[in-house]
Amino acid sequence: MMDIRTSCRVLLAVLLIVSAGCRKTDEQKPVFDVSGIVLPKTINVHAGGEVTLEVIKQKGPAATDIVRLVSEASGAASDCMISNAGQDEFTFVLNQTVTTGHYTFNIVRDEESRQLGKVQINILSDVDILPEPETTVYGIVECEGKPVPGVVISDGAEVTVTDEKGIYQLVSEKENGYVFMSVPKGYNPQTDGVLPKIHQYLTESPGKQERADFILLKSPEQGNHEMLVFGDIHLASRTGDAAQFSDFTDDVNAYLSANAGKTVYGVTLGDLTWDIYWMSNGYDLNSYLTDINKIKGLVIYQTIGNHDHSCYLAGDFTSAGVYRKVIGPTNYSFNIGSVHYVVLDDIRADNTGNINDSDRGRRHYNDLIPETISWLRKDLSYVDKGTPVVVAMHAPLHDEYGNVTLDHGSELLDVLNGYDVHFMTGHTHSMYNVEGTGYYEHNSGAVCATWWWSGYETPGIHISRDGTPGGYRIVSVKGNDFSWVYKGTGKPLDHQFRTYDRNEICMTALKFVPDGSPASRDTFSKEASEYADARTDNIVYINVWDYDPKWTISVTENGAELPVKRISAKDPLHLVSYTAKRLNKDANPTFKTNMTGHMFEVQASAPNSTLEIKITDRFGREYTESMERPKKFDIEAYK
């Protein structure tokens, strides 16, 4: 019988033998080296066609390897089989699921994968085209293998249209680095996740001819459709935005599921991300694409905002370059049913590129530069005056009082004169509506509300500076007729206003900023001064965030109608759920509560009467509350 020392020696010897055997096996494993592939910038190929690439130093893939193309937009992977593997070249067959776009190029062997670089895949039609000598970009637009005439094509500066054979030819300087189509009515674009495939990147020098073909899908059911409008999203991997954004995507997915029989699209209004956090937080436009693709089955057209211009690059055109490369065109159009949609970049970013300067490299101005106006004129030359036009921009055209505040905004109105126009704008993280002759502007609120701060500081209260809940607008189009409603994230569609019993509101720094410094308490006292005093005059406030003058507000007490007065005031819930919470930590409440013009006041005759509130929007939809008073001003009651 072995003693303990002998047993340990035997066990150690066995372990050493096993370990040596494992090392030997690892050493015998062949090295996975495919570094000899010559990967071009662009691969032009027919759908399902073969691609042959050069191999140098005899380090090409094996015949049993797989070429995996991963979309940079959606992350979707397509595996392509290798049909021939030689010493100097190899050939693979393009998977039929691959469409035109940017891909990472990978070789997969067993469980290992090697990324060799990035490539633009251009799917070409079988139709041969002989371009004119002066043409620099040309191609064909097809649907189900048949040409589509009359499709407007542009490079962001010049505009042309396909002929009866579906062919276009464009003399382009290629400054923007892409060419795109304006999707005609009755069709949809191919998609890559949520992104519509309406553009192709150009890779040749300005004077060299190159081809870019487009494919359309039939969509006859467009006369009645909905557009979901997503204002300022502002993802930056901070303030708990990931979890809160998941609440938003869950809400949208639930809405789409409940309305599965409808034709629904989406459009953002800019500030998808936050440029100053692209590097410091590792959250950029590519990260945004990963997260926005949590919305399923929805084509979402994108708009550039001031914070989607890189603060690390100088100048307007250059700072928008990252957006153009990752997302696509900054000025473009598309058609759904009878409506012509236009997306415009109305930010002039004279950025310095020095993130360490006083404004972190940013110089943002709300401005439509001449090149944008020029392109819009050309685009609209193909649109009849009787066509309704929707213009999506980041910065608003008007302030809430109806004044044109966008530089060159009056020129924009001149260009659109004669059209029935709806402007969809964001940027303010508030809501207001402006109606003029021939146009209506919806400043449409923000998905992120107060940059995700209120929900971070006060979970359950996701609220913008004017009291509007974070959420999105739903625009319904029936022929040429428009209607709309705002939907708060996680809220039912009838959640269109909020009431406050002024008798129950008394905002003191001692109560709401108990742990703040004297300076913070003083700041809160100034910010909340209109609510500093206790009152007993039975005033009730009603915040109706999507109000316009065609709405009506009726309040009765014991059957008697009470006079309703529109006032300018701060939303008290925002003051306590954001401003007070920040100051209580001695932090700067950067995003101050707004004075809003969609607040209303009534005076009851008693402190304990029940008010019957009925609010009717411009489309005749009624929203009601039987307001039992006293109504406690408590955060929990408003969640």
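Preceding this paragraph is the structure being described.
If you're wondering where the values come from, they're calculated on a predicted model, not measured in any experiment.

### Overview of the nonpolar core
Here is step 1 of the chain: With 67 residues, the main nonpolar core has Leu412 and Phe423 as its most contacted residues.
Here is step 2 of the chain: Excluding residues that lie within four positions of it along the chain, Phe423 makes contacts with Val391, Met393, Leu397, Leu412, Leu413, Leu416, Tyr439, Tyr440, Glu441 and His442.
Here is step 3 of the chain: Core analysis: the next-biggest nonpolar cluster, separate from the first, contains 62 residues, Leu235, Ile295, Trp452 and Phe497 among them.

### A short note on unusual backbone geometry
Here is step 1 of the chain: In this structure, Pro630 follows Arg629 across a cis peptide bond, with omega equal to 5°.
Here is step 2 of the chain: Checked against the element boundaries, Pro630 lands in the segment after β40 (622–627).
Here is step 3 of the chain: With a phi angle near 55°, Ala449 is a residue other than glycine that sits in the positive phi range.
Here is step 4 of the chain: Structurally, Ala449 is set in the loop between β30 (439–444) and α9 (453–457).
Here is step 5 of the chain: Exposure remark for Ala449: the relative accessible area of 0% places this residue in the buried category.
Here is step 6 of the chain: Positive phi values are uncommon outside glycine, yet Trp451 reaches one of about 50°.
Here is step 7 of the chain: Take Trp451: it is sitting in the loop between β30 and α9.
Here is step 8 of the chain: For Trp451, a relative accessible area of 11% puts it in the buried group.

### Section: the packing of aromatic side chains
Here is step 1 of the chain: What the rule picks out here adds up to 28 aromatic pairs.
Here is step 2 of the chain: Note on Phe245 and Phe248: the rings are 5.4 Å apart at their centroids and 35° apart in plane angle, and the pair reads as tilted. In this pair, Phe245 and Phe248 both sit in helix α2 (residues 241–258), three residues apart, roughly one turn of the helix. Like Phe245, the residue Phe248 is buried in the burial classification.
Here is step 3 of the chain: If you follow Arg324 out to its NZ or CZ, it ends over the ring of Phe317, 3.8 Å from the centre.
Here is step 4 of the chain: In this structure, Arg582 is placed above the aromatic ring of Trp453, and the distance from its NZ or CZ to the ring centre is 4.0 Å.

### Here we look at the environment of Ile300
Here is step 1 of the chain: Among the structural elements, Ile300 can be located in strand β22 (residues 300–301).
Here is step 2 of the chain: Overall, Ile300 belongs to the buried group, its relative accessible area being 0%.
Here is step 3 of the chain: Taking the C-alpha atoms as reference points, Ile300 and Val267, 33 residues apart in sequence, are found 5.1 Å from one another.
Here is step 4 of the chain: In this structure, Ile300 is in contact with Val194, Leu195, Pro196, Phe230, Gly266, Val267, Thr268, Ile292 and Ile295, ignoring residues within four places of it in sequence.

About the cut-offs
Residues numbered from 1 in each chain as written. Predicted model: local features only at pLDDT ≥ 70, side-chain atom pairs only at ≥ 80, totals over all residues. Heavy atoms only, no water. Core = buried A, V, L, I, M, F, W, Y, C linked by side-chain atoms within 4.5 Å. Buried < 20%, exposed > 50% of the residue type's maximum accessible area, 1.4 Å probe, protein only. Contact = heavy atoms within 4.5 Å. Helix = DSSP H or I, 4+ residues; strand = E, 2+ residues; numbered from the N terminus. Phe/Tyr/Trp six-rings, centres within 6.5 Å; stacked < 30°, edge-to-face > 60°. Lys NZ or Arg CZ within 6 Å of the ring centre and 35° of its normal.

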